[in-house]
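Each chain, letter by letter, is given below.
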Amino acid sequence: MHTRLYRNGVLEKEGFPIEEVSDYVEDPDNLVWFDLCSPAPEDLGMIGEELGLHELAVEDVLSDHQRPKVDIYDNHLFITAYHVHFDDDRLDPVEVNVFVTANALVTVRESDHFDIREVVKRWDANARLAGQGVGFLLHGLLDYIVDAQFDLVQDLDGQAEALEESLFEDEVRDARQLQQEMYVLRKNTARLRKITLPMREVLGTLLRRDQALVADPVMVPYYQDVYDHVLRVTEWLESIRDMLANVRETRLAQQGFRLNEIMKRVTSWAAIIAVPTMITGFYGQNVPYPGSGEAWGFWMSTVLVAAASVALYSAFKKRDWL
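Residues numbered from 1 in each chain as written. Predicted model: local features only at pLDDT ≥ 70, side-chain atom pairs only at ≥ 80, totals over all residues. Heavy atoms only, no water.

**Student:** Just to check I follow, could you spell out the overall build of the protein chain for this structure?
**Tutor:** From N to C terminus, the protein chain includes nine helices and seven strands. Computed over its C-alpha atoms, the radius of gyration of the protein chain comes to 35 Å, more than 25% above the 20 Å expected for a compact globule of 322 residues. Seen through its principal axes, the protein chain has C-alpha atoms that stretch 120 × 40 × 30 Å. The long-range share in the protein chain, meaning contacts at least 24 apart out of those at least 6 apart in sequence, stands at 63%. Of the roughly 18,100 Å² that the protein chain leaves accessible, carbon and sulfur atoms contribute 52%. With 31 positive and 54 negative side-chain charges, the protein chain shows a separation of 12 Å between the mean positions of the two kinds. (Helix = DSSP H or I, 4+ residues; strand = E, 2+ residues; numbered from the N terminus. Rg over C-alpha atoms; globule rule 2.2 N^0.38 Å. Contact = heavy atoms within 4.5 Å. Areas by Shrake-Rupley, 256 points an atom, 1.4 Å probe, with all protein chains shown as cover. Lys, Arg positive; Asp, Glu negative; His and termini not counted. Charge placed at Lys NZ, Arg CZ, Asp CG, Glu CD.)

Structure (C-alpha cells):
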C-alpha cells in the first residue's frame, strides 16, 4: 500500500492508511495520492463512494483488457494505460487504471509487475513541480509508462536489425529457428502497436485547452514532451513493421533463389550422367562397338565417356549451372 500527502507543493506525509484519504481530500490545499494493486471489488467500491467516482469507471477497472483511453466525467477523469515489459521473449503488458480528481490521484495496478516505486522516484526527482497539483503526479506516471514503451520499441528495433543482418551472414542459420524468431518479433510488435497507438488519443485529450483539470500552463510543455515520445514510438513501430515485412520478403526470395540453384545443379548432374548412360546403353543392346573384344576398344569407350562427362561439366560450370 502506497500513499502520499502533499500540501502547498510540499510532501508532508506518506504511508498513511487509505481510511484517512477522505479527510485529506476535503482540504483543497492538499494533494493526495494512493495506490492499489489488484484490489478486491468491495475495496474499490468503498473508495469510489468516498471520492465520488462514477460507477462506470469503477466497473471498467474490474473488467480486463480495456483499451487505452480517457473517460471524462463531471468531477474526475478515468485513464487506462499499459506498462509493458518482456517476460522471457514474450511481451507482458500490465494494465494501469488512474482516477484523477481535482486534488487526488488514484492508481490501480493489475499486478505488481508494474513497479510503482519507479514512478515515485520520478516525482521526487521533479519535486519542484509538486505545486502544480494533480497534473504533476499524472505527468510523472504517464512519462514513466511512455518511456518504458520507448525503451521496449528500441529493443525491438535492435532485434529486427539483427534479424535483417543475419539473412546475409556466411553461415546458414537454422531455418526453423529463424522463422520462430521472425514470428515472435512480429507478434510482439503487433501487440505493442495495439497499446501505443491509442496513447496518442490519451495525450491529445489531456492537452486540450478545455481540459483544465490537468492542462495547467506550466505543465503543458511537459505533457507535450510525453506526447512527442508517443508519436516517436508509434512511428518507430511502423518502421519496424516495414522492416519485418522486408525481412520476410527477402527470406522468401532467398529460398526461391536457393531452390533454383539446387534445381540447376541437379539437372546439370543428371545431364552429365545421361551421356555415359546413353553410350553404354546403346552398345548394351548386343550391338558390337568399335574394338569390341579388343583391349583398345574398351579403353576407347572409357575415354569417350570420361571426355564427354568432362566436356559437359566444363560447359555447365562456365554457365554457372554448377
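Don't stop here, the text continues.
**Student:** Even after reading the chapter, I still don't get the pairing of strand β2 (residues 10-14), so can you show me in this structure?
**Tutor:** If a strand is regular, its side chains alternate between the two faces of the sheet. With four bridges joining them, strand β1 (residues 2-7) and β2 adopt antiparallel strand pairing. Within β2, the position partnered with Tyr6 by the bridge is Leu11. (Pairing = 2+ DSSP bridges.)

**Student:** Quick question: what am I supposed to make of the packing of aromatic side chains here?
**Tutor:** Pairs of aromatic rings are described using the distance from one ring centre to the other and the angle between the two planes. Enumeration according to the criterion identifies six aromatic pairs in this entry. On the numbers, 6.2 Å between centres and 85° between planes, the contact of Tyr6 with Phe136 is edge-to-face. Taken together, the positions of Tyr6 in strand β1 and Phe136 in helix α5 (residues 134-166) put the pair 130 residues apart, joining distant regions of the chain. On the basis of relative accessibility, which here comes to 2%, the residue Phe136 falls in the buried class. (Phe/Tyr/Trp six-rings, centres within 6.5 Å; stacked < 30°, edge-to-face > 60°. Buried < 20%, exposed > 50% of the residue type's maximum accessible area, 1.4 Å probe, protein only.)

**Student:** What exactly am I supposed to notice about the pattern of salt bridges here?
**Tutor:** Oppositely charged side chains may form a pair once their charged atoms are brought near each other. Evaluation of the coordinates by the stated rule reveals 14 salt bridges. Between Asp60 and Lys69 there is a salt bridge, with its nearest N and O atoms 2.9 Å apart. When sorted by exposure, Asp60 lands in the same class as Lys69, which is buried. One salt bridge in this structure joins Lys121 and Glu118, with 3.5 Å as the shortest N-O distance. Taken together, the residues span about one helical turn, with Lys121 and Glu118 both in helix α4 (residues 116-125) at a distance of three residues. Three or more residues are tied together by salt bridges with common partners; here these are Arg4, Glu14 and Asp124. (Salt bridge = Lys/Arg side-chain N within 4 Å of Asp/Glu carboxyl O.)

**Student:** What's the story with the nonpolar core in this structure? I'm lost.
**Tutor:** In a soluble, globular protein the nonpolar side chains are often hidden away together inside. The biggest cluster of nonpolar side chains holds 36 residues, and the ones touching the most others in it are Leu105, Phe114, Trp123 and Leu138. When residues of this core are traced back to their parent elements, those giving at least two are β3 (30-37), β5 (77-87), β6 (90-100), α4, α5, α7 (199-206) and α8 (220-283). It is α5 that provides the largest number of residues to this core, a total of nine residues. Phe114 has contacts with His83, Val94, Val96, Arg109, Val119, Leu141, Tyr144 and Ile145, leaving out every residue within four places of it along the chain. Formed by 22 residues, the second largest nonpolar core is a distinct cluster that contains Tyr24, Leu36, Ile47 and Leu53. (Core = buried A, V, L, I, M, F, W, Y, C linked by side-chain atoms within 4.5 Å.)

**Student:** Explanation requested: α5 in the structure shown.
**Tutor:** Since the α-helix packs 3.6 residues into each turn, any two residues three or four apart lie on the same face. For α5, with 33 residues, the first-to-last C-alpha span of 49 Å sits near the 48 Å given by 1.5 Å per residue. Among the 33 residues in α5, 24 count as buried, and that is most of the element. (Expected span 1.5 Å × (residues − 1).)

**Student:** How should I be thinking about the sheet that holds β1 in this particular structure?
**Tutor:** Sheet strands line up and pair through hydrogen bonds in the backbone, either parallel or antiparallel. As summarised here, the arrangement of the seven strands in space is β2-β1-β3-β7-β6-β5-β4, forming an open sheet in which the pairing is mixed. The two strands at the open ends of the sheet, each matched to only one other strand, are β2 and β4 (69-72). Recorded for the sheet is a direction-independent mean angle of 20° between the axes of neighbouring strands. Here β4 runs beside β5; their pairing, made up of four bridges, is antiparallel. Residue pairing across strands places Asp71 opposite Phe78, the latter belonging to β5. Packing against the sheet, helix α3 (residues 55-62) makes contact with β4, β5, β6 and β7 (104-109), and its axis sits at approximately 160° to β6. Seen against the sheet, α5 touches β1, β3, β5, β6 and β7 and runs at an angle of roughly 30° to β5. (Axes fitted to C-alpha atoms, helices over the stretch in contact; angles between N-to-C directions.)

**Student:** Even after reading the chapter, I still don't get the packing of α5 against helix α6 (residues 175-196), so can you show me in this structure?
**Tutor:** Any two packed helices are characterised by the angle at which their axes cross and by the distance between the axes. Interaxial distance between α5 and α6 falls to 11 Å at its minimum, and their mutual angle equals 155°. Regarding the angle of α5 to α6, the classification is roughly antiparallel. Once α5 is placed against α6, the crossing between them reads as left-handed. Side by side, α5 and α6 meet where Gln149, Leu152, Val153, Leu156, Gln159, Ala160, Leu163 and Ser166 of the first sit next to Leu178, Glu181, Met182, Leu185, Asn188, Thr189, Leu192, Ile195 and Thr196 of the second. Residues of the contact of α5 with α6, tallied by class, amount to 10 nonpolar, six polar and one charged. (Parallel < 35°, antiparallel > 145°, perpendicular 65-115°, else oblique. Left-handed = near helix turned anticlockwise from the far one by under 90°. Nonpolar A, V, L, I, M, F, W, Y, C, P; charged D, E, K, R; others polar.)

**Student:** Would you mind showing me how to read the pairing of β1 here?
**Tutor:** Here β1 pairs with β3 via six bridges, running antiparallel. From the neighbouring strand, Tyr6 faces β3, where its bridge partner is Leu31. Connecting β1 to the next strand, β2, in antiparallel fashion are two residues, including Asn8 with a positive phi near 55°.

**Student:** Looking at this model, I keep getting lost on the packing of helix α2 (residues 41-51) against α3. Mind explaining?
**Tutor:** Between α2 and α3, the shortest axis-to-axis distance is 10 Å and the interhelical angle comes to 155°. By the angle between their directions, the pair α2 and α3 is classed as roughly antiparallel. The two elements α2 and α3 cross, and the hand of that crossing is right-handed. Facing Pro41, Leu44 and Gly48 of α2, the residues of α3 in contact are Val58, Val61 and Leu62.

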